[in-house]
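# Fold and geometry: a report
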Amino acid sequence: MLPQEIIRKKRQGEPLTSLEIASFVNGVTGGQVTDAQVAALAMAVYFKGMSRDEAVALTLAMRDSGDVLRWDDLPGPVVDKHSTGGVGDNVSLMLAPILAACGVYVPMISGRGLGHTGGTLDKLESIPGYQVQPDSGTFRRTVKNVGAAIIGQTSNLAPADKRIYAVRDVTATVESIPLITASILSKKLAAGLHALVLDVKTGSGAFMEKPRDASKLAKILVDVATGAGLPASALITDMNQPLASATGNAVEIANAVDFLTGRKRDRRLELVTMALAAELLHLSGKAASNREGTALALDALETGAAASAFAEMVSSLGGPGGIIDDPGKHLPKAPVVRAIKADRAGFASSIVTRNIGLAVVALGGGRTRPQDAIDHAVGFSELLPLGATVEKGDIMAFVHARSDTSADTAEAAIRCSIVIGEEKPAQKRPVRRRIA
């Protein structure tokens, strides 16, 4: 089938058949379709959309463009979650070992930071020696023996997605919901999952800032995943403030270790993490209900089994063995750590979350270009939560910076982002809605 005829058909708003979609994706993988043709079809889809059946066909074709993992040798269900990205969202670091401790297997394929949002792989690379691209034998062995392995996308996993996304990124078609859906789900389906939960963020720190847009994306993701044979559900979660009290790379690893060991657990982070764990334990059949799933997850935390699973995953993938006992011994430290103090009393009345994420990028903790190196030590810790009571001189956050100059800039960003007002804001539940 001629690629230009497939493009013309979609440009006219006509539905594409599964065969046409598969032919186009095969051409992308094999090199018969040019970048210009990928861009043309992406733009046609951006304006004309896709039906559920078309989105399912595109997802399956992209899944089948490379390796599809099988886990027949595992005695339990294989699950994963996907987050649409946020600030201080280190849920994966706790969720994977919690699930592993409950007898569920988690081959988690994660990504790097995008825009103002942090990336799980960047956080894990704060840990000396941790391999985010292990060989397939190490990956499979870690999943089987530990129960969880968090790694990056391999070159043979949904390779069509890599090429299509690269073109979308430079042709203003990233926001197309059918293309977002196929990109996310093709990789998850290629990972050989039995169940998937989607964490779709909404609020000032989310890509889908409006709740109705987040709900629309969540519904399409669930519908297409189900149509492709993967049981899935989605939670709409609040991103009007950072999820954890730390944002950055090493500081979020330290925050996750504190969570797993019980030294400190940010309440909103705990509610979201446990809700996602309960969803997956129920979806996978490991628990009879979400209530039972929550109980299993809590037990994994309180017995220390989840913390042990995290430590085993890190050491199995090349990291140090003592990360749980003394994370500060292993994680990089910024040369400048400064307390940012409130200059008036009141309440943390609003937070411009996106700007906090951008401040981390400005410190060097994120990228403005794909080739940029990450400074894993920088970021913020002890961030005030929304609604906190503040006295003059109280600490609003600590900035971890490479220099006094960059710390000055970051401090100014925090003072503009965390607004101290006279009225305490109404508190929103971090889990806003479930879609199944």
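Quick look at the structure, then. (Residues numbered from 1 in each chain as written. Predicted model: local features only at pLDDT ≥ 70, side-chain atom pairs only at ≥ 80, totals over all residues. Heavy atoms only, no water.)

### Brief notes about the overall build of the chain
Across its full length, the chain carries 17 helices and 13 strands. For 436 residues, the compact-globule estimate of 2.2 N^0.38 gives 22 Å, and the chain sits close to it at 22 Å. Taken along the three principal axes of its C-alpha coordinates, the chain extends 70 × 45 × 40 Å. In the chain, 78% of the contacts between residues at least 6 apart in sequence involve partners at least 24 apart. Summed over all atoms, the accessible surface of the chain reaches about 17500 Å², with 52% contributed by carbon and sulfur. The chain carries 48 positive and 45 negative side-chain charges, and their two centres are separated by 3 Å. (Helix = DSSP H or I, 4+ residues; strand = E, 2+ residues; numbered from the N terminus. Rg over C-alpha atoms; globule rule 2.2 N^0.38 Å. Contact = heavy atoms within 4.5 Å. Areas by Shrake-Rupley, 256 points an atom, 1.4 Å probe, with all protein chains shown as cover. Lys, Arg positive; Asp, Glu negative; His and termini not counted. Charge placed at Lys NZ, Arg CZ, Asp CG, Glu CD.)

### Regarding unusual backbone geometry
Non-glycine residue Ala-158 carries a positive phi angle of around 50°. By the secondary structure assignment, Ala-158 is in the loop between strand E3 (148-152) and helix H8 (159-169). Owing to a relative accessible area of 0%, Ala-158 belongs among the buried residues under this scheme. Even without being a glycine, Glu-382 presents a positive backbone phi close to 55°. Along the chain, Glu-382 falls in the loop between strand E9 (379-381) and strand E10 (389-390). (Buried < 20%, exposed > 50% of the residue type's maximum accessible area, 1.4 Å probe, protein only.)

### Details of the environment of Gly-285
Assignment of secondary structure puts Gly-285 in the loop between helix H12 (267-283) and helix H13 (290-302). A relative accessible area of 56% places Gly-285 in the exposed class. The spatial distance from the C-alpha of Gly-285 to the C-alpha of Leu-95 is 17 Å, given a sequence separation of 190 residues.

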